[in-house]
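Residue-level listing of the chains:
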Amino acid sequence: MRIARFSIDGNVAFGAVEGDKPDELVLDIIKGIPFADFELSGTKVPLGKVRLLPPVLPNKVVAFGRNYAEHAKELGNEVPDAPFAFFKPSTSVIGPGDDIQYPSFSNELHHEAELAVVIGRMCREVPRERVKDVILGYTCANDVTARDVQKREKQWARAKGFDSSCPLGPWVETDLDLSAISEGITIQCTVNGQQRQLGRTSEMTHSVEDLIVNITEAMTLLPGDVILTGTPAGVGPLNVGDEVAVTIEGIGTLTNKVIKRG
């Protein structure tokens, strides 16, 4: 099931996305929230009549860096032996079609296409065999990074946590499973229609299971929290006016435009 969060006529709701052709997609409005038992209302709205929002509003976004060896290499970094985590605040999250605001304190903004894991239930100290039970589904993410700031500041809070630095969407796909991700699904990033990144999740150094076991050893994850799993090689610059799109096999495409911060 594809679960979207949207607004229409000033109201916010979740809906199940139905259909295959982009111009024929509809939303069956969900009774309740997707983090508990819910029913489909049978009330359907054309996708083109609503504004898609970030598919979840996470309490926290836990991101893992240098989880693709070729990406670590392209930036001159070593691949960490253990998962390497940092945080992006909830205020960094935007949805499909929302603008990425080029931060005034940077001159080198980069895209980073990533598979995002959406947590479906409160959990901590999750054993590997139970990881699948705490996942609601998966969505597309762009870990937008002020690369020059990242290089000169020891902490990445400003470089990766500024407002609009975490686009998520277009929806949460619940039907992907861990075996498909392990075998490899395609992650692609284009800028103005030109391919920049192309990789597969099978290239991850540490698996989704590794990442969730690692972070829940330290902290509790809440429903709606998001795990960013790292980016393939090919990261590069974004400029004002660019349109950047992250496409993940089996999920969909997340598109955002870069604007000057007002």
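Here is what the cut-offs are and how they apply
Residues numbered from 1 in each chain as written. Predicted model: local features only at pLDDT ≥ 70, side-chain atom pairs only at ≥ 80, totals over all residues. Heavy atoms only, no water. Helix = DSSP H or I, 4+ residues; strand = E, 2+ residues; numbered from the N terminus. Rg over C-alpha atoms; globule rule 2.2 N^0.38 Å. Contact = heavy atoms within 4.5 Å. Areas by Shrake-Rupley, 256 points an atom, 1.4 Å probe, with all protein chains shown as cover. Buried < 20%, exposed > 50% of the residue type's maximum accessible area, 1.4 Å probe, protein only. Lys, Arg positive; Asp, Glu negative; His and termini not counted. Salt bridge = Lys/Arg side-chain N within 4 Å of Asp/Glu carboxyl O. Polar contact = N/O pair within 3.5 Å; in protein donor to acceptor, adjacent residues only side chain to side chain. Pairing = 2+ DSSP bridges. 1 Å grid on protein atoms, 1.4 Å probe; cavity = no way out; pocket = protein on both sides within 12 Å on 5 of 7 lines; lining within 4 Å. Points joined across faces, edges and corners; volume = space filled by probe spheres on them. Nonpolar A, V, L, I, M, F, W, Y, C, P; charged D, E, K, R; others polar. Phe/Tyr/Trp six-rings, centres within 6.5 Å; stacked < 30°, edge-to-face > 60°.

Novice: Before we go on, may I ask you to explain the overall build of the protein in this structure?
Specialist: Looking only at helices and strands, the protein has 5 helices and 20 strands in total. Computed over its C-alpha atoms, the radius of gyration of the protein comes to 17 Å, within 12% of the 18 Å expected for a compact globule of 262 residues. Referenced to the eigenvectors of the C-alpha coordinate spread, the extents of the protein come out at roughly 50 × 45 × 30 Å. In the protein, of all internal contacts separated by at least 6 residues, the share reaching a separation of at least 24 is 69%. Surface accessibility of the protein: about 11,800 Å² in total, with carbon and sulfur atoms responsible for 48%.

Novice: Even after reading the chapter, I still don't get the environment of G42, so can you show me in this structure?
Specialist: As for its placement among the helices and strands, G42 is situated in strand β4 (residues 39-46). Those residues in contact with G42, other than ones at most four positions away along the chain, are D28 and I29.

Novice: Hey, could you run me through the side chain of E173 in this one?
Specialist: By the element assignment, E173 lies in strand β14 (residues 166-173). Buried within the structure, E173 lacks any salt-bridge partner; R2 is the closest side chain of opposite charge, at an N-O distance of 4.7 Å. Among the polar contacts made by the side chain of E173, one reaches the main-chain amide nitrogen of D175 at a distance of 2.8 Å. Leaving out residues up to four positions away in the same chain, E173 has contacts with M1, R2, G137, Y138, G250 and I251.

Novice: Sorry if this is basic, but what is going on with the pattern of salt bridges here?
Specialist: Side chains bearing opposite charge may pair, as long as their charged atoms lie close to each other. A complete count under the given rule lists 11 salt bridges for this structure. Among the salt bridges present, the one from R51 reaches D98, with a minimum N-O distance of 3.1 Å. Highlighted residues: R51 in strand β5 (residues 51-52) and D98 in the loop between β8 (93-94) and β9 (99-102), separated in sequence by 47 residues. A relative accessible area of 48% places R51 in the partly exposed class. By relative accessible area, which is 16% here, D98 ends up buried. Close ionic contact of K160 with E112 constitutes a salt bridge, the shortest N to O distance being 3.4 Å. Of the two residues, K160 sits in helix α3 (residues 157-161) while E112 sits in the loop between β10 (109-111) and β11 (113-119), which places them 48 residues apart along the sequence. Judged by its relative accessible area of 2%, K160 falls in the buried class. A relative accessible area of 3% places E112 in the buried class. By sharing partners, the salt bridges in this structure join K88, E112, D143, R147 and K160 into a single network.

Novice: Please clarify how the sheet that holds β10 should be interpreted in this entry.
Specialist: Pairing between the strands of a sheet comes from backbone hydrogen bonds, and it takes one of two forms, parallel or antiparallel. The antiparallel open sheet is built from 3 strands, whose spatial order is β13-β10-β18. Two strands in the sheet have a free side with no partner beyond their single neighbour: β13 (145-146) and β18 (236-238). Two elements, β10 and β18, share 3 bridges in a ladder whose sense is antiparallel. Within β18, the position partnered with H111 by the bridge is G236.

Novice: Can you help me understand the layout of surface pockets in this one?
Specialist: Where empty space is left can be seen by rolling a probe of water-molecule size over the atoms. In this model, the largest pocket occupies a volume close to 290 Å³. Taken together, the elements giving at least two residues each to the lining of the largest pocket come down to β6 (61-65) and α2 (147-152). Of all the elements, α2 adds the most residues to the lining of the largest pocket, at 3 residues. The class makeup of the residues in the lining of the largest pocket is 4 nonpolar, 7 polar and 9 charged.

Novice: How do you make sense of the packing of aromatic side chains when you look at a structure like this?
Specialist: Each pair of aromatic rings is reported with the distance of its centres and the angle of its planes. Applying the stated criterion across every chain, the model contains 3 aromatic pairs. Where F84 meets W156, the ring centres are 5.4 Å apart and the plane angle is 70°; that geometry is what we call edge-to-face. A residue pair is termed long-range when its members are at least 10 positions apart, and F84 in strand β7 (residues 84-88) and W156 in the loop between α2 and α3 qualify at 72 residues. Centroid distance F86 to W156: 5.2 Å. Interplanar angle 70°. Geometry classified as edge-to-face. Remark: W156 occurs in the loop between α2 and α3 and F86 occurs in strand β7; sequence separation between them is 70 residues.

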